[in-house]
Amino acid sequence: MFLEEAVISPEVTNSPVRSYTEWDPLEEVVVGIVDDATFPPWHPALEPVIPAGQHETFRREQGRPFPPEIVRAAKRELDEFVSLLEAEGVTVRRPEPIPQRREYSTGAWTSTGMYAAMPRDALLVVGEEIIECPMAWRSRYYESLAYRPLLKEYFHGGARWSAGPKPELLDELYDLEWSEPAPGDPTRLVVTEFEPTFDAADFMRFGRDIVGQKSNVTNEFGVAWLARHLGDQYRVRLLEFDDDHPMHIDATITPLAPGKLLVNPERVTKVPQMFKAWDLLPAPTPALPDSHPLYMTSKWINMNLFSIDENRVVVEAQDEPMIAALRSWGFTPIPCNFRNFNSFGGSFHCATLDVRRSGALQSYLD
Ligand code: ARG
């Protein structure tokens, strides 16, 4: 017997993916892993965003594992973070480890991987949709594969699943002549407009407004693709900050609740019009000692907080100035050890992907 017609329903019902903000009550979250974390092959795209003091280490160690004692310690911290989230009633999911030191090639170039530590960079959740980002680094080309079992499950459960146009990452995407701009000169970005690229961590979700920045991994082409893809339910809006080395917005602004925005006082030097009605809370100076290795981030990673709801926020256990500041602003800080994880370039916001938060789609900004 022949089946004449089968109409496949396009309906999204009861999606396990649904999240509109960074602060609505959290139900389910993906937390990254540091298994097999590997220094990426050196490439010109890394130059503007890897701290200058680490370039030599990256060039020397490329393709080799990160120091095993830091990996082990970060793993323990991730376990602590997971237990703490579960104790707060949140469902926690983890990616599947994939080998990071296996060489891959597109035909035009070869690379090895890095890690699956930062789901925030590779995947963007907007409403009931989860988007695999077209990332600009060759070492992150296949990063989203670690999340494929989850993506398939979420899709089968009713979520929308999509991906940006697969980038080629040819030399034309990069300004191979990139060098540090002279003091006072405008910020120079290492990505060109050859094709769309973006990392999810260059965007923050404020209901109908998705606030982002252009960066050394996110170009205008990528932002335009995202805006057109999301359609007229959302407004993608760009901000520019005082940041000579932008990559990922989540150590520059961190929304904690409607009307409450934690800001990096060095980078946010004037109040953006869209936040006129909000309280801007300047992040306290980072407490990390200089001796602590930070391979891929500045110390402002202290602002990379993760909200369980409008009150509860996870904060690094030794970051006493931040804990005190959060209390004084009326939040309930939940401390978790995370300094060894910080060495890999992120903190709680980077290490997570909030897949489901309760709460409806609203507008919060002017
Ligand atoms: N580029 C930021 C800084 O150095 C760090 C942002 C890290 N965020 C992330 N999602 N990996 O301050």
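On a predicted model such as this, the values are computed, not experimentally measured, just so you know.

Q: What is the right way to look at the side chain of Arg138 in this model?
A: Checked against the element boundaries, Arg138 lands in the loop between strand E6 (129-132) and helix H4 (148-157). If we ignore the near neighbours within four places in the chain, the residues touching Arg138 are His43, Tyr104, Trp109, Ser111, Leu169, Leu170, Asp171 and Tyr174.

Q: Would you mind going over helix H2 (residues 68-87) with me for this structure?
A: Since there are 3.6 residues in each turn of an α-helix, residues three or four apart along the chain are aligned in direction. Given a rise of 1.5 Å per residue, 20 residues ought to cover 28 Å, and the 29 Å separating the end C-alpha atoms of H2 matches this to within 8%. Taken together, the buried positions of H2 are Ile70, Val71, Ala73, Ala74, Glu77, Leu78, Phe81, Val82, Leu84 and Leu85. At the exit of H2 stands Gly89, carrying a positive phi of roughly 90°.

Q: Explain the packing of aromatic side chains to me, please; I cannot follow it from the model alone.
A: One pair of aromatic rings is described through two measures. These are the centre distance and the angle between the planes. For the structure shown, the criterion picks out 24 aromatic pairs. Look at Phe198 and Trp225: their rings are 6.0 Å apart centre to centre, the planes differ by 25°, and that puts the pair in the stacked class. Of the two residues, Phe198 sits in the loop between strand E7 (160-163) and strand E8 (203-206) while Trp225 sits in helix H5 (residues 220-230), which places them 27 residues apart along the sequence. With a centroid separation of 5.4 Å and an interplanar angle of 55°, the aromatic rings of Phe206 and Phe275 are classed as tilted. Of the two residues, Phe206 sits in strand E8 while Phe275 sits in the loop between strand E12 (260-263) and strand E13 (279-282), which places them 69 residues apart along the sequence. In this pair, the class of Phe206 matches that of Phe275, namely buried. Here the aromatic cluster, defined as three or more aromatic residues joined through ring pairs, consists of Phe39, Phe58, Phe66, Phe81, Tyr295, Phe306, Phe338, Phe341, Phe344 and Phe348.

Q: Is there a simple way to think about the site of the ligand in this case?
A: Lining the immediate surroundings of the ligand are Asp121, Ala201, Met247, His248, Asp250, Ala251, Arg267, Thr297, Ser298, Ile301, Gly345 and Cys350. Within the side chain of Asp250, one N or O atom sits 2.8 Å away from a nitrogen atom of the ligand. Looking at the shell around the ligand residue by residue, the classes come out as 5 nonpolar, 4 polar and 3 charged.

Q: I keep staring at H5 and nothing clicks. Help me out?
A: Here H5 has its buried residues at Gly222, Val223, Leu226 and Leu230. For H5, the angular spread of buried residues about the axis comes to 100°, placing them on one side. The elements touched by buried residues of H5 are strand E5 (123-126), E6, E8, strand E9 (209-212) and strand E10 (235-238). Looking at the residues trailing H5, positive phi occurs at Gly231, about 80°.

Q: Explanation requested: the sheet that holds strand E11 (residues 253-257) in the structure shown.
A: Working definition: the strands of a sheet are paired by backbone hydrogen bonds and lie parallel or antiparallel to each other. In space, the 3 strands of this open sheet follow the order E11-E12-E13, with mixed pairing throughout. Each edge of the sheet is formed by a strand with only one pairing partner; in this case those strands are E11 and E13. Sheet twist, expressed as the average angle between the axes of neighbouring strands with direction ignored, equals 30°. Looking at chain direction, E12 and E13 are connected through 4 bridges and run parallel. Bridge pairing links Lys260 to Asp279 in E13.

Criteria and cut-off values
- Residues numbered from 1 in each chain as written.
- Predicted model: local features only at pLDDT ≥ 70, side-chain atom pairs only at ≥ 80, totals over all residues.
- Heavy atoms only, no water.
- Helix = DSSP H or I, 4+ residues; strand = E, 2+ residues; numbered from the N terminus.
- Contact = heavy atoms within 4.5 Å.
- Expected span 1.5 Å × (residues − 1).
- Buried < 20%, exposed > 50% of the residue type's maximum accessible area, 1.4 Å probe, protein only.
- Phe/Tyr/Trp six-rings, centres within 6.5 Å; stacked < 30°, edge-to-face > 60°.
- Near = heavy atom within 4 Å.
- Polar contact = N/O pair within 3.5 Å; in protein donor to acceptor, adjacent residues only side chain to side chain.
- Nonpolar A, V, L, I, M, F, W, Y, C, P; charged D, E, K, R; others polar.
- Arc of directions from axis to C-beta.
- Pairing = 2+ DSSP bridges.
- Axes fitted to C-alpha atoms, helices over the stretch in contact; angles between N-to-C directions.

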